[in-house]
Amino acid sequence: MNPGLKYLLMKEITITTIIRQCRPDELPSETRQLAKKAIEMVEHAYAPYSGFQVGAAILLSNGKVVGGSNQENAAFPSGMCAERTACYQAGALYPYAAFRRIVIAAGKRNKEGVFELTPQPISPCGACRQALLEYETKGAGPVEVVLYGAETCYVFPSVASLLPYAFTDF
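Attention here is on the structure that accompanies the text. (Residues numbered from 1 in each chain as written. Predicted model: local features only at pLDDT ≥ 70, side-chain atom pairs only at ≥ 80, totals over all residues. Heavy atoms only, no water.)

Each helix and strand in the protein chain was counted, giving four helices and seven strands. Going from the N terminus to the C terminus, the protein chain shows its helices and strands as α-β-α-β-β-α-β-β-α-β-β. Taken over the C-alpha atoms alone, the protein chain extends approximately 65 × 40 × 40 Å along its principal axes. Split into buried and exposed, the 170 residues of the protein chain put 42% on the buried side. Considering only residue pairs separated by 6 or more positions, the protein chain has 66% of its internal contacts joining residues 24 or more positions apart. When the accessible surface of the protein chain is summed, it comes to about 10000 Å², and 56% of that surface belongs to carbon and sulfur atoms. Computed over 16 positive and 15 negative side-chain charges, the separation of the two mean positions in the protein chain equals 3 Å. (Helix = DSSP H or I, 4+ residues; strand = E, 2+ residues; numbered from the N terminus. Buried < 20%, exposed > 50% of the residue type's maximum accessible area, 1.4 Å probe, protein only. Contact = heavy atoms within 4.5 Å. Areas by Shrake-Rupley, 256 points an atom, 1.4 Å probe, with all protein chains shown as cover. Lys, Arg positive; Asp, Glu negative; His and termini not counted. Charge placed at Lys NZ, Arg CZ, Asp CG, Glu CD.)

Encoded structure:
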C-alpha cells in the first residue's frame, strides 16, 4: 500500500472555538472589577529573571475573588505561573466553591521603570490550562476565561475551549 494512501482514508475532524473579542471598556462591569484584581496581581508578581509579570484573578461561586501572580525562582522549574498560583490558592482556601471566571493579565516595566500592561492579551501555558480544567471539571460547569490586554481582550466560554481533547480521565 502506498504510505500516503492511508491518510486519505482517515476522517478529518475540525475543532472550532468561538472567541469574543472586545476592548477592555466593553467588558461587563463585574468582569472589569475582576480584571482590576488581575492587574493588581500583575504588579505583585515576583519576576526578577524574566521581567515578565503575570496576574490572575478567579471569581468563585461563593462570590469570593482569589488572585495570584507568577513567582520566579533561580531554579527555573521551581517557579509558578500566576494562573496556577491563583488556582491552587482558591482550591485550598475554598475547596467547595466552583470557579466561575478567571481573568489573566500581563505586563512589564518599560525603560523608564513605568509598569505597562501588554497591549494584546497573553494565553495560559499548557500546564495552567490543564490545572484550570481540573477545577472546571470539579465544579461541573464552565469557567469563563478572559485574556486581558490594555487594548484588546479575548473571552473564551470555558477552559475546555482552550484545551480541546483535554486529559480528564485515567
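Moving on, we get to helix H3 (residues 82-93). The end-to-end C-alpha distance of H3 is 16 Å, a good match for the 16 Å that 12 residues give at a rise of 1.5 Å each. Listing the buried residues of H3 in full gives Ala82, Glu83, Arg84, Ala86, Cys87, Ala90 and Gly91. The inward-facing, buried residues of H3 contact strand E2 (53-60), strand E3 (65-69), strand E4 (99-109) and helix H4 (126-139). (Expected span 1.5 Å × (residues − 1).)

Turning next to H4. The periodicity of an α-helix, 3.6 residues per turn, causes residues three or four positions apart to be oriented the same way. With 14 residues, H4 should reach 20 Å at 1.5 Å per residue; the first-to-last C-alpha distance of 20 Å fits that figure. The complete set of buried residues in H4 reads Cys128, Arg129, Ala131, Leu132, Leu133, Tyr135 and Glu136. On its buried face, H4 is in contact with H3 and E4.

Scope: geometric values only; no functional claims are made or implied.
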